[in-house]
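Structural overview
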Amino acid sequence: MAGRINDDDVKAVRDAVPIDAVVSEYLQLRNAGGGNLKGLCPFHDEKSPSFQVSPSKGLFHCFGCQEGGDTIAFVMKIDHLSFSETVERLAAKAGITLRYEEGGYNPSHQRGERIRLIEAHQAAAEFYVRALESPEAEIGRTFLAERGFDQDAAAHFRVGYSPAGWDHLTRYLRGKGFSDKELITSGLSQDGRRGPIDRFRGRLMWPISDTAGDIVGFGARKLRDDDNGPKYLNTPETPIYKKSQVLYGIDLAKKDIAKASRAVVVEGYTDVMACHLAGVTTAIATCGTAFGNDHIKILRRLLMDNGSARVIFTFDGDSAGQKAALRAFEDDQKFAAETYIAIAPDGMDPCDLRLVKGDDAVRDLVEPRTPLFEFALRQIVGRYDLETPAGRAAALDEAAAVVAKIKTSSVQREVAVQLAGLVGILDQEFVVRRVAQLAHWARNRGGDQGDRGGRGGSQGRGPRGGTPQPAPAPAFSGPALNLRSPAHRTERELLKLALQRPALVSPAFDAYGVDEFTAPPYAAVRRCIEEAGGAEQGIADDRAYLGAVLDAAPDNTVRSLVTELAVEVFIGKTIDETYAGVQLVHVRLRAVDRRIADVQSSLTRLGSNVAPHELAAAQSEVWVLQQYAQNLRVHGAAAL
């Protein structure tokens, strides 16, 4: 049984690894104001960023799907890791040696499955790289040299070689302490007649990394004629490798993709190498599968879907490449980026083009020229005889069905007009109407649910200026939040101050009762702050304080609201003692006014049935409260 990680070490890991640095490995972050950063949420589909990160607090929160938490929670969620696996992974990043309460120093058999599988792949990559220098690997070095890749290029992309024997890697990894079960699960080995044998033998090896840079699989190229396997053999589906969710080269390209708002999608490992060496450092490739939904999600988070974002596909000019382009066009509307296609002269791929015509030709190839939709429509229309009415009608029927899938009506109309020109139909409005009709039929059949981006109507709101977001499932009794209510808005601001800027509201805030917060969700957060020792605890160590508040949350709904309030931008422009005082006064004043109204209402209901001493006490309380309210209105925070 794995030992429990020392609490001090967990805190050290949480403090040592900046949350913005970790999140930036998965998506592009931009300034959101107030010291926060924003990006497209990796946990649900959206077209405008509602995911916020607060580097100073070490927290993230999505105002769309309500996911939130600290660095550890983010990595656990996005990489599907256990708590201990996540802490171990982040500790390795930060160079922190973990202590275990019940098992001594971190024995290898205690480490989580994902960590172990990644370590096995890292060890395998190092083994393959060394093997590329062996005499046996001469055939692999020749293959690379013939395609214009020298030793430095191979080292940069960590290209290696798998020896042709049955179990060279398997025996090596066993010597490193990996069990047969781990080797089979990793996909590096497979069952043989007498035990595990190497899956890859006598092949050139490319390591495939995830967005965070961890090696999760390999692509293997056949080199010998007596190898009866496929030309390319990839790692099978494993707990850490899903071919539909990885892009070769993304670890090398992600920063430049985010910086340039541009991505180049090529078809193979050598094409990625050729592009990068030619200066096109935004090139990536799929790994043995068509470019699809999950690949789009990865790129969208890096591109941030701004107006200048571009995705360029470089498919081969053969029929297979044309089919790939049409498949890509099917998903084109899931990008907010502009999509283009680039096909080299004579149908050469980027690797061949670089070899024949040099780096300049590769850079010139990926300069956008033909929009993907135009290429796709030309491919469809080109299959028909446009000299005949029947041919034009058939071309229109097939192409119009494709255009009808475009969800944005203005774009749909524009492309329909261009389709009329491609088919040779002078009546553009006829084509526009035909496309609109097909789109209408598709919607009526339920074929087009629209792009909701994971959003829906709600009474809650995200950051200032955002659109309405879905509220979390209610875990409170009482009315839902209504941010058009001045009382709810002020309570929200005060809680944000207590979580983000506790020095501005302490010690006054800690004297506020839970019942002074009229919205039940806000009362729940106030109770969490109270159980964490009060806002004054946040003055000395705000991260430890926020962690204590989160630990005090009774369920995930309250915990989500805490992270939301801890990262949300304030309504006011200047956040100082004056601003904090206004929120404190307004919340207290409304509480006092409510109490006065309650007492007076009770007296009215009771009428002459109230005892004289109770009437005197009630009248005295009302008088005191009225005087207090007057002082608050006149003197503000000084009267608290």
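Residues numbered from 1 in each chain as written. Predicted model: local features only at pLDDT ≥ 70, side-chain atom pairs only at ≥ 80, totals over all residues. Heavy atoms only, no water.

The subject of this paragraph is the state of the cysteines. All told, the structure shown has zero disulfides when counted by the stated rule. Here Cys275 stays unpaired: no disulfide links it, and the sulfur of Cys351, its closest cysteine neighbor, is 9.4 Å away. Given the relative accessible area of 0%, Cys275 is considered buried. (Disulfide = S-S within 2.5 Å. Buried < 20%, exposed > 50% of the residue type's maximum accessible area, 1.4 Å probe, protein only.)

Bridge count for strand S12 (residues 262-266) against strand S14 (residues 310-313) is four bridges, and the pairing is parallel. Among the inter-strand pairings, Arg262 is bridged to a residue of S14, identified as Arg310. Alignment of S14 against strand S15 (residues 338-341), held across four bridges, turns out to be parallel. Within S15, the position partnered with Phe313 by the bridge is Ile341. (Pairing = 2+ DSSP bridges. Helix = DSSP H or I, 4+ residues; strand = E, 2+ residues; numbered from the N terminus.)

Moving on, we come to the sheet that holds strand S9 (residues 203-209). If you walk across this open sheet you meet the four strands as S6-S9-S10-S11, and the pairing is antiparallel. With one partner strand each, in any of the chains shown, strand S6 (160-162) and strand S11 (232-234) form the two edges of the open sheet. Each strand of the sheet is rotated relative to its neighbour by a mean of 35 degrees, with strand direction disregarded. The pairing of S6 with S9 spans three bridges and is antiparallel. Within the sheet, the bridge partner assigned to Tyr161 lies in S9 and is Leu204. In the packing of helix H5 (residues 113-131) onto the sheet, the strands contacted are S6, S9 and strand S10 (215-222), and the crossing angle to S10 comes to about 35 degrees. (Axes fitted to C-alpha atoms, helices over the stretch in contact; angles between N-to-C directions. Contact = heavy atoms within 4.5 Å.)

With that out of the way, let us pick up the environment of Thr563. Following the sequence through the fold, Thr563 ends up in helix H25 (residues 556-567). Not counting chain neighbours up to four residues away, the residues in contact with Thr563 comprise Phe60, His61, Gly68, Gly69 and Leu550.

The next point concerns the sheet that holds strand S4 (residues 59-62). Strand pairing in a sheet relies on backbone hydrogen bonds. The paired strands run either parallel or antiparallel. Across the sheet, which stays open at both edges, the five strands sit in the order S1-S2-S3-S4-S5 with antiparallel pairing between neighbours. Looking at which strands have only one partner, the edges of the open sheet turn out to be strand S1 (30-33) and strand S5 (68-70). Neighbour to neighbour, the strand axes of the sheet diverge by 25 degrees on average, direction disregarded. Sheet topology note: the strand S3 (residues 51-54)/S4 ladder contains four bridges and is antiparallel. In the sheet register, Ser54 faces S4, and the bridge partner there is Leu59.

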